[in-house]
Amino acid sequence: MASLALPPESLHERFEQQGYVILKHFLEREAIEAVKGEMGHLVDREAEKLLASGKIRDPLKGEPFETRLARLYESCPGETPRRYRENLHLKGMFGILFHPRLLDVVETFLGPEIRLYPNYTVRPKLPNDPGTQVLWHQDGGYTEGAVEQLRMINIWTPLVPARVENGCMQFIPGTHRMGPVPHVKKTHYLEIAEEHLKPRLNLAVDIEADPGDIVLFHNLLFHYGRPNVSRMVRWSVDWRYQDASQSTLRKARGHLARSRSQPEQVVRDAEHWASLSFQ
Ligand SMILES: O=C(O)CCC(=O)C(=O)O
């Protein structure tokens, strides 16, 4: 595990310029394994459901984490889970969502009142599955209101190596400075309106990353997940922090991750997190 490669000023400068920064080898192995363990349990439950409904005969218990979910749904591809969110109140998620060193970095951007924004997701991006292939968007495109005023930092981290072949993300550097742009509804996801996207697509960069790497990006940065043309599930986690003194601009309020003004409201530990629910 490495310490920060760049001092906070350079991180901020790069974030302001490009709209993202990557912290290599940031998370400890145990934190990642804890998330994978929880996801393994969720996949066990998927297998039990498929077994009970007669859609599979073998729950594939020995199949590796990287491929099991895809193999389980081979016979019913239209029914694959797209994401896990409401069911992430699990002890093993606490270590990354409330990671102290990550919150230290986030605090240098947002100040001491930090909310875990009510948009935290584990994505099993399945091979050749349009339902899990997120289209070009700004995160702010999914929120109504004055999104340009939201003081937020988005976080993305892979649970398996994310490469071009299995659908790593792409970013268009600098696009966060354009402010919010219109999005159009497509079958599964919103997409940035063509007149804003097309002239900039040639500037897109691949964000290949390994487990342990943390990608911080701006709420208005143009980004998408490439198609997964491998045989592997590209598992990843994305979540967001916000200045807790602001409104979320959503019905849900999220959870306090750090606070000097209301320390008693902060999520304390893994047991506390697991006792709470999505809100
Ligand atoms: O993981 C992906 O492919 C897309 C994630 C994403 O769009 C996000 O974190 O906002």
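Scroll up to find the structure this text is about.
Each residue is numbered by its place in its chain's sequence as written, counting from 1. Local features in a predicted model are, by the rule used here, given only for residues with pLDDT of at least 70; side-chain atom pairs are given and counted only at 80 or more, and totals for whole chains, interfaces and linings are based on all residues.

Examining the overall build of the chain
Note on conventions: DSSP H or I runs of at least 4 residues are helices, E runs of at least 2 residues are strands, and numbering of each starts at the N terminus. For the chain, the count of helices and strands is 7 helices and 12 strands. Its C-alpha radius of gyration of 19 Å places the chain within 12% of the 19 Å reference for a compact globule of 279 residues. Projected onto its principal axes, the C-alpha coordinates of the chain cover approximately 55 × 50 × 40 Å. The contacts in the chain between residues at least 6 apart in sequence include a share of 83% that link residues at least 24 apart. In this treatment the radius of gyration is a C-alpha quantity, and the globule benchmark scales as 2.2 Å times the residue count to the 0.38 power. Here the contact rule is simple: place C-beta atoms from the backbone, and any two residues whose C-beta atoms are within 7 Å are in contact.

Examining unusual backbone geometry
Phi is mostly negative for residues that are not glycine, and the peptide bonds are mostly trans. Of note in the backbone geometry, Leu60 takes a positive phi value of approximately 50 degrees without being a glycine. Residue classification places Leu60 among the partly exposed residues on the basis of 16 C-beta atoms within 10 Å. Located in the positive-phi region is Leu249, a residue other than glycine, with phi close to 60 degrees. Relative to the assigned elements, Leu249 resides in the loop between strand S11 (234–243) and strand S12 (255–258). Here exposure depends only on C-beta density: within 10 Å of a residue's C-beta, 20 or more other C-beta atoms make it buried, 12 or fewer make it exposed, and intermediate numbers make it partly exposed, the C-beta atoms being placed from the backbone.

Here's the deal with the nonpolar core
Think of a nonpolar core as buried Ala, Val, Leu, Ile, Met, Phe, Trp, Tyr and Cys residues, each tied to the set through C-beta atoms within 7 Å. Counting 69 residues, the largest nonpolar core has Leu97, Phe171, Ile214, Val215, Leu216 and Tyr241 as the members making the most contacts within it. Per-element tally for this core: the top contributor is helix H2 (residues 29–52), with 7 residues. Each residue touching Phe171, except ones within four places of it in the same chain, is listed here: Gly19, Tyr20, Ala204, Val205, Ile207, Phe217, Leu221, Phe222 and His223.

Structural notes on the site of the ligand
We call a residue near a molecule or strand if the C-beta atom, set from the backbone, is within 6 Å of it. With respect to spatial proximity, the complete set of residues near the ligand consists of Arg123, Lys125, Val134, Asp139, Trp156, Met169, His223, Gly225, Ser236 and Asp238. Counting only elements with at least two residues in the shell around the ligand, the list comes to strand S3 (121–125), strand S10 (222–225) and S11. Think of it as three bins: nonpolar holds Ala, Val, Leu, Ile, Met, Phe, Trp, Tyr, Cys and Pro, charged holds Asp, Glu, Lys and Arg, and polar takes everything else, Gly as well. Among the residues forming the shell around the ligand, the class breakdown is 3 nonpolar, 3 polar and 4 charged.

Observations regarding the pairing of strand S5 (residues 169–172)
Bridge analysis of S5 against strand S8 (residues 205–207) gives 3 bridges, and the strand direction is antiparallel. Looking at S8, one finds that Phe171 is bridged to Val205. One ladder, built from 4 bridges, connects S5 with S10; its direction is antiparallel. Its bridge partner being in S10, Phe171 is matched across the sheet by His223. Here the rule is simple: two strands pair whenever DSSP picks up at least two bridges between them.

Focus: the sheet that holds S5
Spatial ordering of the open sheet is given by S8-S5-S10, a layout of 3 strands whose pairing is antiparallel. Across the chains shown, the open sheet's two edge strands, defined by having one partner strand only, are S8 and S10. Here the average twist between neighbouring strands, direction ignored, is 30 degrees. Axis definition: a line fitted to C-alpha atoms, limited for helices to the stretch in contact. Angles are taken between N-to-C directions and run from 0 to 180 degrees.

With respect to the environment of Pro158
Locating Pro158 in the fold gives a position in strand S4 (residues 152–158). Residues Pro158 and Asp238 lie 80 residues apart in sequence; the distance between their C-alpha atoms is 8.7 Å.

Structural notes on the pairing of strand S9 (residues 214–217)
Taking every second residue as pointing to the same face, both faces of S9 are buried, with Ile214 and Leu216 on one and Val215 and Phe217 on the other. Sheet analysis places strand S1 (residues 20–23) next to S9, joined by 4 bridges and oriented antiparallel. Residue pairing in the sheet places Leu23 in a bridge with Ile214 of S9. By the bridge criterion, 3 bridges tie S4 to S9 in an arrangement that is antiparallel. In the sheet register, Asn154 faces S9, and the bridge partner there is Phe217.

Notes on the environment of Pro211
Inspection of the secondary structure assignment puts Pro211 in the loop between S8 and S9. Spatially, the C-alpha atoms of Pro211 and Glu28 are 9.3 Å apart, while their sequence positions differ by 183 residues.

Let's talk about H2
A helix is expected to span 1.5 Å multiplied by its residue count minus one. Taking 1.5 Å per residue as the helical rise, H2 with its 24 residues ought to reach 34 Å, and the 34 Å between its terminal C-alpha atoms agrees with that figure. Along H2, the residues classified as buried are Ala31, Ile32, Val35, Met39, Val43, Ala47 and Leu50. Where the residues of H2 are buried, they touch helix H3 (68–72), helix H4 (94–97), S3 and S11. Of the residues flanking the end of H2, it is Gly54, one or two places downstream, whose phi is positive at about 75 degrees.

Side note on the environment of Thr187
Relative to the assigned elements, Thr187 resides in the loop between strand S6 (183–185) and strand S7 (190–192). Exposure remark for Thr187: the 8 C-beta atoms within 10 Å place this residue in the exposed category. On a C-alpha basis, the gap between Thr187 and Gly131 in space is 8.5 Å, while along the polypeptide they are 56 residues apart.

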